[in-house]
Amino acid sequence: MKRLRSFTKNSQLISFFALMIACTVYIYFFSSTYLTKIMNTALCYCMVAFGLQLMLGMGGQMVFSGISFFGMGAYVAANLRTDRLGIQQPPDGLVTVLIAILVVGAIGFLLGLVFMKLKGVFCVFATVGLVAICFSLFSFYEPLFGLPDGISQIRRITLLGSKPIDNSKTWYLILSVFVIIVALINNRISNSQFGRSLSAVRDDEIAAQTLGVNIYWTRVWGFVVGACYAGAAGALFAMHQTFVVAGMFTADKGSMILVSTVLGGMLSTPGILLGSILVTFLPELLRSVSSGLIMLVFGILVIVLMIFMPMGLGGLFDDLVKKLRRRKKKAMRLQEAQSRGEENE
């Protein structure tokens, strides 16, 4: 019984690592370079989706700002890993990622102070406005963002003085490590006082406030953590692609990340990964057809999910685990009843 409870408690992490192992086997033994690059992009989107999981799944507040913070992180890395601004390049790619996290986290904190004073749909519209503002800046402010042509010739990541890494499979391992770190952080948050505060705010703000939860600062710090995830993902994405343009950070891309979160399950760690992979690969599978059909498929997918699977694919897995647990309990009770009957005889 204890083993079953332990498995149920850790089932999400177990299934997450199982999915990561399956993806790794596929990448190293069956995937082409092209598909590996798509998978790497999916892992970058997955990190942004984990930030949305924190705000929407745990905190109950939808935000669209993830794609904007993703772009900010990408442009921070782009400026640091080129000679555009006359800034000495960081000696290590991890330093670039750390700087992107700090810069985007600071911007996220300042914006969170304003946005988290808004509630519900008003906060949603505020973050939609942020996406539009950031896209305009990325497109037309040349000193930092290079106009619509973006920034190219971005130096690839280096690790501890190594040569720039351009092998797609090595990049997959690097991005996998970051995704695992973010997943473990989110899992730790969900079991912490901060995570319980977010859940309390999501379920009932009045009850949470009665219990002493500071609703405003809980949301602000959740917003900041999500911004840091997106900033790190953006920096890695820029060094992986070696170029960035404003078209990579549009509202459509933000909608794709939202769909991946809903598809996988807002509270499911393996579901976020699976949803990101499916949503990133689907446009490639439908590349031969028009973009309008892709959006049609996405729209139908969201409607079907909301009707039949409101908790996403991860919710289906959790339901399956619960059913197995109930069956196991029932079987154990029958065994206990039979053993007692034999003792009485």
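Residues numbered from 1 in each chain as written. Predicted model: local features only at pLDDT ≥ 70, side-chain atom pairs only at ≥ 80, totals over all residues. Heavy atoms only, no water.

**Q** Please explain the confidence of the model for the protein chain as it appears in this structure.
**A** Should pLDDT be low for a region, the predicted coordinates there are not to be read in detail. Looking at the protein chain, the pLDDT average stands at 85 and 91% of residues meet or exceed 70. Per-residue pLDDT, averaged within each element of the protein chain, yields its smallest value for helix α1 (residues 2–9) (46) and its largest for helix α11 (residues 215–241) (94). Note on residues 4–8: pLDDT is under 50 here. Beyond four places in sequence and across chains, it has six contacts. (pLDDT = per-residue confidence, 0-100. Helix = DSSP H or I, 4+ residues; strand = E, 2+ residues; numbered from the N terminus. Contact = heavy atoms within 4.5 Å.)

**Q** Got a minute to help me understand the packing of aromatic side chains in this structure?
**A** The way to describe two aromatic rings as a pair is by their centre distance and the angle between their planes. Scanning all chains against the criterion turns up 17 aromatic pairs. With a centroid separation of 5.5 Å and 75° between ring planes, the pair formed by Phe16 and Phe17 is classed as edge-to-face. Here the aromatic cluster, defined as three or more aromatic residues joined through ring pairs, consists of Tyr45, Phe70, Tyr75, Phe138, Tyr141, Phe145, Phe237 and Phe249. (Phe/Tyr/Trp six-rings, centres within 6.5 Å; stacked < 30°, edge-to-face > 60°.)

**Q** I keep staring at helix α3 (residues 33–58) and nothing clicks. Help me out?
**A** Note on helix geometry: an α-helix contains 3.6 residues per turn, so any two residues three or four positions apart are oriented the same way. Given a rise of 1.5 Å per residue, 26 residues ought to cover 38 Å, and the 36 Å separating the end C-alpha atoms of α3 matches this to within 8%. Bending of α3 peaks at approximately 30° at the position of Leu52. Of all 26 residues making up α3, 22 are buried, and the element is well covered by its neighbours. Two residues or fewer past α3, Gly60 is found with a positive phi of approximately 75°. (Expected span 1.5 Å × (residues − 1). Bend = angle between axes of the 7 residues up to and from the residue. Buried < 20%, exposed > 50% of the residue type's maximum accessible area, 1.4 Å probe, protein only.)

**Q** Could you clarify how one ought to interpret the nonpolar core in this entry?
**A** One recurring pattern in soluble globular proteins is that nonpolar side chains are buried together. Counting 90 residues, the largest nonpolar core has Phe50, Phe70, Val244 and Phe249 as the members making the most contacts within it. Ranked by residues supplied to this core, first place goes to α3 with 16 residues. Once residues lying within four places of it in the same chain are set aside, the contact partners of Phe50 are Phe16, Val179, Val182, Ala183, Asn186, Tyr229, Thr269 and Ile272. (Core = buried A, V, L, I, M, F, W, Y, C linked by side-chain atoms within 4.5 Å.)

**Q** Sorry, what's going on with the state of the cysteines here?
**A** Scanning all chains against the criterion turns up zero disulfides. No disulfide involves Cys134; its sulfur sits 15 Å from that of Cys123, the nearest cysteine. Under the relative-accessibility criterion, Cys134 is labelled buried at 5%. (Disulfide = S-S within 2.5 Å.)

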